[in-house]
Every structure is written in structure tokens, then in C-alpha cells.
Amino acid sequence: MIIDKPYKRIHRCKGLPVFFNGLTDDYVLDPDYMSLSERHSIVRAMNMLIDDLQKTLDYIEPDDKNLSVYSHRLYELLLRAATEFESNCSGILTANGYKKEKGKSLTIEDYHKLNEVMKLSDYKIGLSFWNSEKIILPLSEWNTGHSLKWYQAYNSVKHNRLEKFTDASLDNVLYAITSVVCIVYAQLGDYMLSESSNCYDDSDHRHHCEYRGFAIIAPSFEEDEYNIMYKEKYDVVQYRFE
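Residues numbered from 1 in each chain as written. Predicted model: local features only at pLDDT ≥ 70, side-chain atom pairs only at ≥ 80, totals over all residues. Heavy atoms only, no water.

**So, the environment of Trp130**
At step 1: Structurally, Trp130 is set in the loop between strand E3 (124-127) and strand E4 (135-136).
At step 2: Taking relative accessible area as the criterion, Trp130 reaches 6% and is therefore assigned buried.
At step 3: For Trp130 and Gly213, which are 83 residues apart along the polypeptide, the C-alpha to C-alpha distance reads 9.0 Å.
At step 4: Among residues more than four places away in sequence, those in contact with Trp130 are Pro62, Asp63, Asp64, Leu67, Leu170 and Leu174. (Helix = DSSP H or I, 4+ residues; strand = E, 2+ residues; numbered from the N terminus. Buried < 20%, exposed > 50% of the residue type's maximum accessible area, 1.4 Å probe, protein only. Contact = heavy atoms within 4.5 Å.)

Pasting the structure below:
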């Protein structure tokens, strides 16, 4: 059966138009799901990262040969993207009542708990601006554990830039920014997109959307996992993270 109570900031929906056969996913617009200011803020921050990546690629050719290139500009982008990813993850957990012991901060082990309910490790992102066909699975390592190589690189260069500066590479920046795209889409679905975005479902029931040079391929949810409900007949509830 279809889940009739959506979880806060967790969008789980088969690719459907906004209103289809009496069913809707417009709970995303409910302030109990996420406030308008929060929605605007996370999309704005993501778009600024995309803007700055595109500006950087005016000087670095988007080619696999240049994935190891590192610079102060890429260092800045990596830190911004990683902290934006952290902000989204902590925002989702906090909205759903997740708490640590007093005085303890959330870590990557806590963020990893989102994967079970949001299927973040299944997201694929194609880069249409790349010189060759390129598809990234930025969070696929969460299939086997909480560690992420790009996130480890972010922490190493943040704490020791002189010795770990090479970790501020174009490759790690791409993984960090596509991770932000995933986590924002996993909260807002197609409400993240402009009206002109090209979206469709494939034969495996995976939803595809084009967004500013990023081809988002969302995970497929089983029917009893959908957060879709009849219009005006839902309450937003918290997901209980273990």
C-alpha cells in the first residue's frame, strides 16, 4: 500500500506529474515538510555551486585527463560543497527528530543513516558538459559503509592544506557537487527544477531529469515505499532513525 504520511524533507516518489490520477506529491510545498525559506536556501546554494563550477571550467577543460588538477579555486569549491552537503544532511536528520548526546556533533556516520530511507547510494548523475560520456554515482560507497572518498579528501585538505593540497582536485569537486545535487533532489524531487526541465521515466521505472548540465537519474522505489497521497489528505510525520 502507498505510504499515506510523508516524512519531513524526504521525497520518495515514482516519476509522476504534480497531479496524477488523484494522487499528488505536493506535500513537498507544505511548510510542515520544509519551510519556504529552507527550500529557497538549499536550491540557491546548490545553484551558486553549479555557477562557480561552470566558471572554473572556463579555465580547466572538462576532460578526464584533468581530473587530478587542483587549485585554490577548486579547494574553495570543495569546502563549500562539502559543508553544503553536511548542512542538508543535518537539516533532514534534525527535522525528523534525530539527536546526538549533548555536546556531540553529527558526523558522516550519522549522515549515512539517510541512505536507507532515501536510497542516496542509487543516484546517478550524468555530466552533459563533459567532453565524453560521464556518469557519476557520488554516494555509491554508502552501499557498503559510511565512508566517502571525496568526503575524506575534504577533511584531509581542510585540516592540512599544505600537505594534502592535491586532494582539492577537480575529481573530488565533481563528486562533492553532484552529492549536493542528489541530496537536494532527494528532498524536493521535480520541485527543484525549472518548468523547462526535461523529465521522463525509463523502462525500469527510474526517473530522469535534466538540470543545468546534470542528468539526474533517481532511484526506483517499490510501490509500498512511495510518498504519494491523495490531495489534502496527508499529515507530515517524522521518520524514526535508529
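**Examining the pattern of salt bridges**
At step 1: Across all of its chains, the model carries nine salt bridges by this definition.
At step 2: Of the charged contacts, one joins Asp52 and Lys55 as a salt bridge, the two residues approaching to 3.9 Å between their closest N and O atoms. Separated by three residues within a single helix, Asp52 and Lys55 lie in helix H1 (residues 36-56), roughly one turn from each other.
At step 3: Assessed through its relative accessible area of 52%, Lys55 is described here as exposed.
At step 4: Among the ionic pairs, Lys134 bridges to Asp64, the shortest N-O distance being 3.1 Å. Of this pair, Lys134 sits in the loop between E3 and E4 while Asp64 sits in the loop between H1 and helix H2 (72-95), placing them 70 residues apart in sequence. (Salt bridge = Lys/Arg side-chain N within 4 Å of Asp/Glu carboxyl O.)

**So, the packing of aromatic side chains**
At step 1: The full count for this structure, using the stated rule, is 13 aromatic pairs.
At step 2: A ring pair is formed by Tyr27 and Tyr33, whose centres lie 5.4 Å apart and whose planes are at 65°; its orientation type is edge-to-face. Across the pair, Tyr33 and Tyr27 agree in class, each one buried.
At step 3: Relative to Tyr185, the ring of Tyr123 lies with its centre 6.3 Å away and its plane at 75°, an arrangement referred to as edge-to-face. In this pair, Tyr123 is assigned in the loop between helix H4 (114-118) and E3 and Tyr185 in helix H7 (residues 170-188), connecting sequence segments 62 residues apart.
At step 4: These aromatic residues form a ring-pair network of at least three members: Phe85, Trp142, Trp150, Tyr151 and Tyr154.
At step 5: For the cation-ring pair, Arg161 lies above Tyr75, with the distance from its terminal atom to the ring centre recorded as 5.7 Å.
At step 6: In this structure, Arg161 is placed above the aromatic ring of Phe165, and the distance from its NZ or CZ to the ring centre is 5.7 Å. (Phe/Tyr/Trp six-rings, centres within 6.5 Å; stacked < 30°, edge-to-face > 60°. Lys NZ or Arg CZ within 6 Å of the ring centre and 35° of its normal.)

**Remarks on the nonpolar core**
At step 1: Counting 70 residues, the largest nonpolar core has Met46, Leu114, Leu120, Val184 and Met192 as the members making the most contacts within it.
At step 2: Considering every element that reaches this core, the biggest residue donor is H7, with 13 residues.
At step 3: Filtering out sequence-adjacent residues up to four positions away, Leu120 remains in contact with Leu114, Asn115, Leu139, Trp142, Cys182, Ile183 and Ala186. (Core = buried A, V, L, I, M, F, W, Y, C linked by side-chain atoms within 4.5 Å.)

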